[in-house]
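So you can see what is in the structure, the chains are spelled out below.
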Amino acid sequence: MERMQRRIADAIQEGLVERAYLRSSRYRQNIRIKLGGGSSVLVQIGARNPGQQHGGIRVDLNPAKFKGLDLQTFHETMRRVVGSAYPRLMRVPLISRIDVAVDVYGIEYSDLLVRYKRARRVTMFGKQIDMHAQLETLNFGSVSSDYTAAVYDKRIHLRHAAIMRLVKNGPGTDTEALRSNLLRQYDNAFTNGPYIRVEVRGRKMRGMLLAELDTLPNRFTWFEFIDLRTVDTNLSEFGRRSLLAMWRQDGAKVALEAFKHTPEARAANAFVRARIAPWWKPEPMWHDACTALRILDLFPAKAFLPIGD
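Residues numbered from 1 in each chain as written. Predicted model: local features only at pLDDT ≥ 70, side-chain atom pairs only at ≥ 80, totals over all residues. Heavy atoms only, no water.

**Points about the overall build of the protein chain**
Logical step 1: Within the protein chain one finds 10 helices and 13 strands.
Logical step 2: Of all 309 residues assigned to the protein chain, the portion counted as buried reaches 39%.
Logical step 3: Long-range contacts, defined as pairs at least 24 residues apart, comprise 67% of the intrachain contacts of the protein chain with a sequence gap of at least 6.
Logical step 4: Of the roughly 18,700 Å² that the protein chain leaves accessible, carbon and sulfur atoms contribute 52%. (Helix = DSSP H or I, 4+ residues; strand = E, 2+ residues; numbered from the N terminus. Buried < 20%, exposed > 50% of the residue type's maximum accessible area, 1.4 Å probe, protein only. Contact = heavy atoms within 4.5 Å. Areas by Shrake-Rupley, 256 points an atom, 1.4 Å probe, with all protein chains shown as cover.)

**Here we look at the pattern of salt bridges**
Logical step 1: Using the criterion set out here, one finds 11 salt bridges in the structure.
Logical step 2: Close ionic contact of D146 with R206 constitutes a salt bridge, the shortest N to O distance being 2.6 Å. Taken together, the residues D146 in the loop between strand 9 (137-140) and strand 10 (147-153) and R206 in the loop between strand 11 (195-202) and strand 12 (208-209) connect sequence positions 60 residues apart.
Logical step 3: Residue R201 is joined to E199 by a salt bridge in which the shortest nitrogen-to-oxygen separation is 2.8 Å.
Logical step 4: The buried category is assigned to E199, whose relative accessible area is 9%.
Logical step 5: One salt-bridge network, in which partners are shared between bridges, spans E237, R240 and R241. (Salt bridge = Lys/Arg side-chain N within 4 Å of Asp/Glu carboxyl O.)

**Regarding the sheet that holds strand 1 (residues 17-19)**
Logical step 1: Strands sit in the order 1-2-3-4 across an open sheet of 4 strands; the sheet is antiparallel. The open sheet has two free edges, formed respectively by strand 1 and strand 4 (57-60), since each of these has just one partner strand. Direction aside, neighbouring strands of the sheet carry axes that sit 25° apart on average.
Logical step 2: For strand 2 (residues 27-34) and strand 3 (residues 40-47), the ladder comprises 7 bridges, and the chain directions are antiparallel. (Pairing = 2+ DSSP bridges. Axes fitted to C-alpha atoms, helices over the stretch in contact; angles between N-to-C directions.)

**Overview of unusual backbone geometry**
Logical step 1: Phi is positive for R206, which is not a glycine, with a value near 55°.
Logical step 2: The backbone phi angle of D297 is positive, close to 70°, even though this residue is not glycine.
Logical step 3: Mapping D297 onto the fold places it in the segment after helix 10 (285-294).
Logical step 4: Relative accessible area serves as the criterion here: at 54%, D297 is assigned to the exposed category.

**Remarks on the nonpolar core**
Logical step 1: Counting residues in each nonpolar core, the largest one holds 55 residues, and the members touching the most others are F223 and F225.
Logical step 2: For this core, the element with the most residues is helix 2 (residues 70-82), which contributes 5 residues.
Logical step 3: Look past the residues within four positions of F225 in its chain and what remains in contact with it is L112, L113, V114, V151, I196, V198, R275, I276, A277, W279 and W280.
Logical step 4: If you look at the next biggest cluster of nonpolar residues, it comprises 15 residues, including L235, L244, L256 and A268. (Core = buried A, V, L, I, M, F, W, Y, C linked by side-chain atoms within 4.5 Å.)

**Remarks on the side chain of E224**
Logical step 1: Counting through the fold element by element, E224 comes out in strand 13 (residues 223-227).
Logical step 2: Assessed through its relative accessible area of 14%, E224 is described here as buried.
Logical step 3: Of the polar contacts made by the side chain of E224, one reaches the side chain of R115; its length is 2.7 Å.
Logical step 4: Residues in contact with E224, not counting those within four places in the same chain, are L113, V114, R115, K117 and I276. (Polar contact = N/O pair within 3.5 Å; in protein donor to acceptor, adjacent residues only side chain to side chain.)

The structure is reproduced here in structure tokens:
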């Protein structure tokens, strides 16, 4: 740690990294690598409890935000901070968390019903975004789950992030170029076409090897979408509104159970079956995500081989 601390101090002095001030940390050193594309990478070094933690160095990053030479800058800075052991460590990385997202373009969030077919417990929360108090996010899974999943309106997420950046930088923004960029991000969040994000979040991977990721169940197949853009139905207007309200409030199972033994039970089930979205084809998605990670060049090819190969 002594040599690494000296290298961190030198990197800070040269402006390559900055201290990360966290409320609590299980690591002795916390820094952020500043990337030219505008994002940053949290690096934590020196596990305080090596017997329970899955590694002496923890890296938290989002490769989807990398731009230009960001990946090269990340590797160069890590080599500078970690030292000669860095290439060897990257051949056997351990995964403690992974989030995989799929974007579906051209559909409004309000035009969908979502069914998550494996959830024993379902947590759903939303924000009032207009006079109709429409949901912007659905979360699936329990607080204690190793995995959770989410479906949300990505445009609203982008707008909120743009607003927060404007509030943070606001009148005190240093340059006209930065102010213009913030305003452009805000405008783009309004003008981009509608799209939703479907996300699987592996929150407790327990130090999994990269070679094991492709063997995991494809949790995207657990989603089913009901596309409401078609209007022909035998369900009454009252029945349709009731079904949609209960589904969005309490989930698919509760909503369909409520229609059992009612005059519109058959019509309600037919309404759902007729609108199962044909555009949702999840079968290759998890494998495609693992392939995308492999060709990203974040890790060397050997890191994806089983130990011993």
